[in-house]
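Commentary on secondary and tertiary structure
Next come the chains, spelled out residue by residue.
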Amino acid sequence: MADILTAWELIEKLNEEKRLSLNEFTCLLENRNSVDREKLFAKARENAKAYFGNTIYLRGLIEIGNYCRNDCLYCGIRRSNCKAERYRLTEKQIMNACVNGHRLGYRTFVLQGGEDLYFTAGKLADIIKSIKEAFPDSAVTLSVGERSTEDYQMWYDAGADRYLLRHETADEEHYGKLHPPELSLKHRIECLYTLKKIGYQVGAGFMVGSPYQTTENIAKDLVFLRELEPHMIGIGPFIPHKDTPFAKETAGSLELTLFLLAVIRIMLPDVLLPATTALGTIAPDGREKGILAGANVIMPNLSPKDVRKKYMLYDNKLCTDDEAAEQKAKLDKRVESIGYRTVTDRGDSPKCKASTLVCPKRL
Ligand code: SAH
């Protein structure tokens, strides 16, 4: 039998070999309390520094609508939440948000929304083209859920650069407990591979502490991410929403989220890793802590002010003040106070910069 490694030895092994087995990840997670966090976070920062120096990339998040055909049990904009006040942004509103964002220095626009077929492939393609025409120096990221290969292709051809589609959990059974029966992990993963094949820079990820999540589930998420090797990974704590079936569940913890950010950074040193809004929601300095645990992206809100409260995925979502894109000066200061600096740069994945074969049309 192989030697049983201590949790710190597992971290060192991960740092050297950039992978661990499912059992090793499980063991690491179970014994994580024995890991010196200062040492762990320092190692994560060292990994980030090798690729990104002390740079923090900003992405302007535009919440294009909260109509959704899906009924994910955790999500505040699920279709059966009849209390959600629904909205859709017009092309003009989206363009205005980009104009504001560009003026402030944002060079990535993330269009996120519920799964809403009102945004037909053609309609969204037109919006993407308008943004790329007006701001050829900027990247467009989409995050509008599971669509057909043809739709994804059309948006890519229109100029979209990146796509965020969290896998949510890599365990089939757990997936079934978070989603209605018509949704499947298999299809979600197929979408991720399709997006990658088309040429998008792809983002996956999961919620930390979602209901029924076990340590093995998280270990599976880590193995899955290692295998998919996405350009971006979004993880943040689950936070209950009062009008969902998970209203009474407990939120994911800051401690585990930071631990996982560090582990992911050590495993995939060149990945783009946001300190998410959810992390900033469960702790006032959550995002700074996230950066100090290895994160290197922040996604402030660029949506028109009147819709921010309507895009409520979970309770108490940050939507004013330092979270807002227009408060960039404040945000810059916060980032500088911990020894980092924000940049006005598209911030493509280093994988794309290194090889024009990976993202031929997007440089
Ligand atoms: N419709 C798109 C965008 C979903 S919202 C899609 O399907 O990809 C973006 C992310 O917010 C989701 O992928 C989910 O991981 C996260 N999210 C949703 N509800 C949440 C909650 N209650 N707590 C924390 N994160 C949540």
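Residues numbered from 1 in each chain as written. Predicted model: local features only at pLDDT ≥ 70, side-chain atom pairs only at ≥ 80, totals over all residues. Heavy atoms only, no water.

For the protein, the assigned domains read domain 1 (1–35) and domain 2 (37–347). Measuring from the centre of the C-alpha atoms in domain 1 to the corresponding centre in domain 2 gives 28 Å. Counting residues at the interface gives 17 residues for domain 1 and 21 residues for domain 2. Between domain 1 and domain 2, a total of about 1,800 Å² is buried, with carbon and sulfur atoms accounting for 71% of that surface. Considering only the surface of domain 1 that becomes buried against domain 2, K18, L29 and R32 emerge as the three largest contributors, covering 32% of it. Applying the counting rule to domain 1 against domain 2 returns 1 salt bridge. (Domains from an automatic or database assignment. Contact = heavy atoms within 4.5 Å. Buried area = accessible area lost by both parts, 1.4 Å probe. Salt bridge = Lys/Arg side-chain N within 4 Å of Asp/Glu carboxyl O.)

We now examine the pairing of strand β3 (residues 108–113). For β3, a buried count of 6 out of 6 residues is recorded, marking the element as mostly surrounded by other parts of the structure. Here β3 shows two buried faces, one formed by T108, V110 and Q112 and the other by F109, L111 and G113. The pairing of strand β2 (residues 60–65) with β3 spans 5 bridges and is classified as parallel. If you follow L61 over to β3, its bridge partner there is V110. As a crossover connection, the stretch from β2 through helix α4 (residues 91–104) into β3 is right-handed. (Buried < 20%, exposed > 50% of the residue type's maximum accessible area, 1.4 Å probe, protein only. Helix = DSSP H or I, 4+ residues; strand = E, 2+ residues; numbered from the N terminus. Pairing = 2+ DSSP bridges. Right-handed = clockwise from strand over helix to strand, strands pointing away.)

Another aspect to go through is the site of the ligand. Surveying the vicinity of the ligand reveals 18 residues, the closest of which are Y74, G113, R166, E168 and I239. Between a nitrogen atom of the ligand and a main-chain N or O atom of G113, the distance comes to 2.9 Å. Note that an oxygen atom of the ligand is positioned 2.5 Å from one of the side-chain N or O atoms of E168. Surface burial for the ligand is 92%, taken as the share of its 560 Å² of free accessible area covered by protein chains. Taken together, the residues that form the shell around the ligand break down as 10 nonpolar, 5 polar and 3 charged. (Near = heavy atom within 4 Å. Polar contact = N/O pair within 3.5 Å; in protein donor to acceptor, adjacent residues only side chain to side chain. Areas by Shrake-Rupley, 256 points an atom, 1.4 Å probe, with all protein chains shown as cover. Nonpolar A, V, L, I, M, F, W, Y, C, P; charged D, E, K, R; others polar.)

On to the pairing of strand β1 (residues 55–58), then. Of the two faces of β1, both are covered, the one formed by T55 and Y57 as well as the one formed by I56 and L58. Note: β1 against strand β9 (residues 341–343), 3 bridges, orientation parallel. Within the sheet, the bridge partner assigned to Y57 lies in β9 and is V343. Sheet topology note: the β1/strand β8 (residues 297–298) ladder contains 2 bridges and is parallel. Note on β8: the bridge partner recorded for Y57 is V297.

Before going further, it helps to examine helix α6 (residues 149–158). Buried within α6 we find D151, Y152, W155, Y156 and A158. Across the axial projection of α6, the buried residues extend over an arc of 160°, all falling on one side. Structurally, α6 contributes buried residues whose contacts are with α5 (121–134), β4 (139–143), β5 (162–164) and α8 (185–198). Phi turns positive one or two residues past the end of α6, at G159, with a value near 120°. (Arc of directions from axis to C-beta.)

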